[in-house]
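Descriptive analysis of the structure
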Amino acid sequence: MECEWKPDEQGLQQILQLLKESQSPDTSTQRSVQQRLEQLNQYPDFNNYLIFVLTKLKSEDEPTRSLSGLILKNNVKAHYQNFPNGVSDFIKGECLQNIGDSSPLIRATVGILITTIASKGELQNWPGLLPKLCLLLDSEDYNTCEGAFGALQKICEDSAEILDSDILDRPLNIMIPKFLQFFKHSSPKIRSHAIACVNQFIISRTQALMMHIDPFIENLFALATDEESEVRKNVCRALVMLLEVRLDRLLPHMHNIIEYMLLRTQDQDENVALEACEFWLTLAEQPVCKEVLCGHLAQLIPVLVNGMKYSEIDIILLKGDTEEDEAIPDNEQDIRPRFHRSRTVAQQHEGDGIEGDDDEDDDLDDDDDTISDWNLRKCSAAALDVLANVFRDDLLLHLLPLLKELLFHPEWVVKESGILVLGAIAEGCMQGMIPYLPELIPHLVQCLSDKKALVRSITCWTLSRYAHWVVSQPPDTYLKPLMTELLKRILDSNKRVQEAACSAFATLEEEACTELVPYLAFILDTLVFAFNKYQHKNLLILYDAIGTLADSVGHHLNKPEYIQMLMPPLIQKWNQLKDEDKDLFPLLECLSSVATALQSGFLPYCEPVYQRCVNLVQKTLAQAMLYQSQPDQYEAPDKDFMIVALDLLSGLAEGLGGTIEELVARSNILTLMYQCMQDKMPEVRQSSFALLGDLTKACFQHVKPCIADFMPILGTNLNPELISVCNNATWAIGEISIQMGSEMQPYIAMVLHQLVEIINRPNTPKTLLENTAITIGRLGYVCPQEVAPMLQQFIRPWCTSLRNIRDNEEKDSAFRGICTMISVNPGGVVQDFIFFCDAVASWVNPKDDLRDMFCKILHGFKNQVGEENWRRFSDQFPMPLKERLATFYGV
């Protein structure tokens, strides 16, 4: 038997000294401690000292002992595979002996240490661990039982997957029934651990739990009114998860569960109330929601509405009493990282503007994003929002009487919650609200000048949720007063209000589009004034409001007086920002929209902007190469700089068209794009394909020499798993084929099979289908002999995906292609001819020569089959189709 390891007194003192120093607030002391700890890691038994201090050195104070354990935990994380066997065995033994230490802090530290060792793949190599911990649960000593449970809970959280696998011989079959026994334990802490352990296995539908699902649910019900809030919280959490995975088992008890959750949503402990409130959010996603909840709406709605008031602590955290803070610089920690949405090329549809797939919902998270992010107020509001979408106007029955009282309440906190309620139901109950809006909107517009900043800010958000209705009314009635007041709020003296007003205004811009043109001077005045007023965080939102304005009014912005107002402050910011500054992202996005809108008006600013974008791409690529060759010497670049720069170049190419030609001629952008098109990061490829398409349209003479290099890359990116990459590559291929004409022939084989496969895939997103159809049509237009033989394999999905898009150039060239292919291979369309007829009828006014092509094909088919067969065939047509074809094409 080996003798027990003993520390050397001098070494021990040295380590204790280190532990004391590491608790010093001084950063330079901290740094030197870090270095000494790193050096000590070279000694194999350093970790023995650390466990010794944690478990044996009872003379030391607890924080020092716990710290020793936490340093050991970090060593385990970083170097466990290098621990000698003797050391790891010694540590494991000490942990198990001391899991029941009388100090809760030491117990918890030992538990964390055990879990960390277990998660280093050691559950397999420590076969005694789980049986031993389960055995300790039965200990008479409370500390031992609680310590073992604490460790088990952490293991269940960290290693749930491996616990439920064959690797360990399925220990859960023993552990779960064991945990269930402890639901009735006399100690609340232990009851809470027991539920928390089992809860880890609900969402994954672990077999061992599913076998005991009924006793589990019975035990939960038994604990429903536990006096310990931690237990109630875990019961609520369990029921919310069961609702997702085992609704069948809850349904028989649904009435009682709903009654219970109503009580818990009003629990005195906000953490319990929040867990319970999640129940309504989850229930709303279940198809049975309407049926099981309709009888309880009268009780539930007041509870949710009540939860939407700011708590006193919220108001303190939000500095709800500070009205003016515009002069206080922002705390840089509060500025969330922004994610740039790369360009996706989409088609326009009948009856709307351009429709991207990124339907950004103005979610309930807009109003108070600095408090602990998710709280009862937000959860209640989100629940009301989803329930409004389930019950629609039936919800108003229970809500309207409450609303009246809230919205005109003298206490601002109550009134504020009423305005939030009104915003939350906007989407679901819009129809039912319309009769009240003529009275409510003016009231809300008045609330925009309330003396409380938190009332002003929520009112901005709620009004933005009704922007669609406002814009549908005569502009002088609501749009003009709303816009006037909202612009004043953009210049509010409170930063939260500025932010809410800016976001709301961006939503209003999207809805109003060209309705805003008469007020442009007035709007720009305000936005430009805000430039000099805003602190850092809100500036970023202001860029977005300006970009959205440009997207919404388009070429109407291209007037000398507007350009004179808008461009100088933008360019001034542009010159202030360094190439490494992340604030370039929103500014570049904004300039991209502005350049597209101004078109020729952007020319004076074009060259410096173009140069800098090319530089940003070049810098990022260079940094990426350094990092790839010597990752230990260099940092990985932030590729967002390159993505945003490529997107702005696309905006320039689209806005300036042929005038960008000489800039392209004088730069190495095509070489850089060749690298970007092969980048590992999908968003980089996505943006470079968008730029390729835009440059192809603007100045093909510079792109043409590279086509032989670009086409194979485009072919390999036709992978529908990456929707946006595939979409932009597809669009670029279509644009290239129009420019190449018959010279496209050698490249058809590289792309055609993938395109035909994509158009036939189930569940392909609409935008990708449309672009794929257009590109197939364009390839057929320039190389009919190569594409027409495959006609039968794509004609049907081709016709159905293009019938809903507006008449435009892209649709025109695609249909010319399909007609040319039909003349080469008429047999390919015979079986699906009705779909072709329907697609032809979707044209409002095709150009004359295209109409002639349609006519020729329709009449040719009719003559081919004969009068009698044609009548039988056309009798299957729906009436509007029949009439349209007769009117326009005489068949």
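Residues numbered from 1 in each chain as written. Predicted model: local features only at pLDDT ≥ 70, side-chain atom pairs only at ≥ 80, totals over all residues. Heavy atoms only, no water.

Scanning the protein from N- to C-terminus turns up 49 helices and 0 strands. The principal-axis extents of the C-alpha atoms in the protein amount to approximately 100 × 65 × 65 Å. Taking all 891 residues of the protein together, 57% fall into the buried category. Here the analysis covers contacts within the protein between residues at least 6 apart in sequence; of these, 75% occur between residues at least 24 apart. (Helix = DSSP H or I, 4+ residues; strand = E, 2+ residues; numbered from the N terminus. Buried < 20%, exposed > 50% of the residue type's maximum accessible area, 1.4 Å probe, protein only. Contact = heavy atoms within 4.5 Å.)

Our next topic: the side chain of D583. Examined against the element boundaries, D583 turns out to sit in the loop between α32 (560-576) and α33 (584-598). The side chain of D583 is buried and forms no salt bridge, while K573, the nearest opposite charge, is found at 8.0 Å. Among the polar contacts listed, one links the side chain of D583 to the side chain of H536, at a separation of 2.7 Å. Beyond its immediate sequence surroundings of up to four residues, D583 is in contact with H536, L540, Y543 and L577. (Lys, Arg positive; Asp, Glu negative; His and termini not counted. Salt bridge = Lys/Arg side-chain N within 4 Å of Asp/Glu carboxyl O. Polar contact = N/O pair within 3.5 Å; in protein donor to acceptor, adjacent residues only side chain to side chain.)

We now examine the pattern of salt bridges. Here the structure, examined in full by the defined rule, presents 45 salt bridges. The residue K533 makes a salt bridge to E326 at a minimum N-O spacing of 2.7 Å. Residue K533 is found in helix α30 (residues 520-533), and its partner E326 is found in the loop between α20 (312-317) and α21 (376-391); the two are separated by 207 residues along the sequence. What makes E326 partly exposed here is its relative accessible area of 23%.

Before going further, it helps to examine the packing of aromatic side chains. Considering all chains together, one arrives at 23 aromatic pairs under this definition. Between W870 and F873 the ring centres are 5.5 Å apart and the planes differ by 55°, which places this aromatic pair in the tilted class. Taken together, the residues W870 and F873, both in helix α48 (residues 867-874) and 3 residues apart, mark about one turn of the helix. Each member of the pair W870 and F873 is classed as buried. Ring plane angle 75° and centroid distance 5.3 Å describe the contact between F873 and F877, whose orientation is recorded as edge-to-face. (Phe/Tyr/Trp six-rings, centres within 6.5 Å; stacked < 30°, edge-to-face > 60°.)

Inspection of the entire model under this criterion finds 0 disulfides. In this model C379 remains outside any disulfide bridge; the closest cysteine sulfur is found in C277, 3.7 Å from its own. Assessed through its relative accessible area of 0%, C379 is described here as buried. Cysteine C460 remains unbridged, with the sulfur of C502 as its closest cysteine sulfur at 9.6 Å. The exposure class of C460 is buried, given its relative accessible area of 0%. (Disulfide = S-S within 2.5 Å.)

Structurally, L557 is set in the loop between α31 (536-553) and α32. For the pair L557 and T115, spaced 442 residues apart in sequence, the C-alpha to C-alpha distance is 61 Å. Those residues in contact with L557 that sit more than four places away from it in its chain are L520, L524, A550, Y562, I563, L566, A597 and L598.

Our focus in this paragraph is a negative patch on the surface. A grouping of E510, E511, D544 and D551 is seen on the molecular surface, where their side chains present a negatively charged patch. Those elements giving two or more residues to the negative patch turn out to be α29 (495-512) and α31. Mapped onto the secondary structure, D544 falls in helix α31. (Patch = residues over 30% accessible without salt bridge, like charges linked within 9 Å, V, L, I, M, F, W, Y side chains within 5 Å. Areas by Shrake-Rupley, 256 points an atom, 1.4 Å probe, with all protein chains shown as cover. Charge placed at Lys NZ, Arg CZ, Asp CG, Glu CD.)

This part covers helix α13 (residues 213-222). Every buried residue of α13 is listed here: I213, F216, I217, N219 and L220. The arc that holds the buried residues of α13, viewed along the axis, is 160°, so those residues lie on one side. Turned more than 90 degrees away from the buried face of α13, the exposed residues are E218 and A222. Against the buried residues of α13 lie α10 (172-181), α11 (188-199), α12 (207-210), α14 (229-245) and α15 (247-250). (Arc of directions from axis to C-beta.)

Relative to the helices and strands, E510 resides in helix α29. Sequence-wise, E510 and A467 are 43 residues apart; in three dimensions their C-alpha atoms are separated by 9.2 Å. Not counting the four nearest positions on each side in its chain, E510 is found in contact with T548 and S552.

For the rest of this paragraph, the subject is α30. Here α30 spans 20 Å end to end across 14 residues, near enough to the 20 Å set by a 1.5 Å rise per residue. Residues of α30 that are buried: L520, I523, L524, T526, L527, V528, A530 and F531. Buried residues in α30 make contact with α28 (479-490), α29, α31 and α32. (Expected span 1.5 Å × (residues − 1).)

Now for the packing of helix α23 (residues 412-424) against helix α25 (residues 437-447). Following both chains from N to C, one finds α23 and α25 inclined at 130°, their axes separated by 12 Å at the closest point. By the criterion of interaxial angle, the relationship of α23 to α25 is oblique. Between α23 and α25 lies a crossing whose hand is left-handed. Each of K415, I419 and L422 in α23 lies in contact with α25, whose residues at this interface are L440, L444 and C447. Broken down by class, the residue content of the contact of α23 with α25 amounts to 5 nonpolar, no polar and 1 charged. (Axes fitted to C-alpha atoms, helices over the stretch in contact; angles between N-to-C directions. Parallel < 35°, antiparallel > 145°, perpendicular 65-115°, else oblique. Left-handed = near helix turned anticlockwise from the far one by under 90°. Nonpolar A, V, L, I, M, F, W, Y, C, P; charged D, E, K, R; others polar.)

For the pair helix α37 (residues 669-676) and helix α38 (residues 682-703), the least separation of the axes is 10 Å and the interaxial angle reads 150°. In this view, α37 runs roughly antiparallel relative to α38, as classed from their interaxial angle. The interaxial crossing formed by α37 with α38 has left-handed handedness. Contacts between α37 and α38 involve I669, L670, M673 and C676 from the first element and V684, R685, S688, L691, L692, L695, H702 and V703 from the second. Each residue belonging to the contact of α37 with α38 can be placed in one class, and the counts come to 9 nonpolar, 2 polar and 1 charged.

The predicted coordinates ought not to be read in detail in places where the model reports low pLDDT. Taken residue by residue, the protein gives an average pLDDT of 90. The fraction at 70 or more is 96%. A low-confidence stretch, residues 351-372 stays under pLDDT 50, and its non-local contacts, those more than four residues away or across chains, total 53 contacts. (pLDDT = per-residue confidence, 0-100.)

What follows covers a nonpolar patch on the surface. Residues L626, Y627 and Y634 make up a contiguous nonpolar surface patch of roughly 240 Å² in combined accessible area. Along the chain, Y627 falls in helix α34 (residues 603-629).

Within the secondary structure, L588 sits in helix α33. Overall, L588 belongs to the buried group, its relative accessible area being 1%. As a C-alpha pair, L588 and E332 span 256 residues in sequence and 21 Å in three-dimensional space. Among residues more than four places away in sequence, those in contact with L588 are W574, C613, L616, V644, A645 and L648.

Moving on, we get to unusual backbone geometry. One non-glycine residue with positive phi stands out, namely R205, at about 50°. Residue R205 is classed as partly exposed on the basis of its relative accessible area of 47%. Although it is not a glycine, C513 adopts a positive phi angle of roughly 45°. Residue placement: C513 occurs in the loop between α29 and α30.

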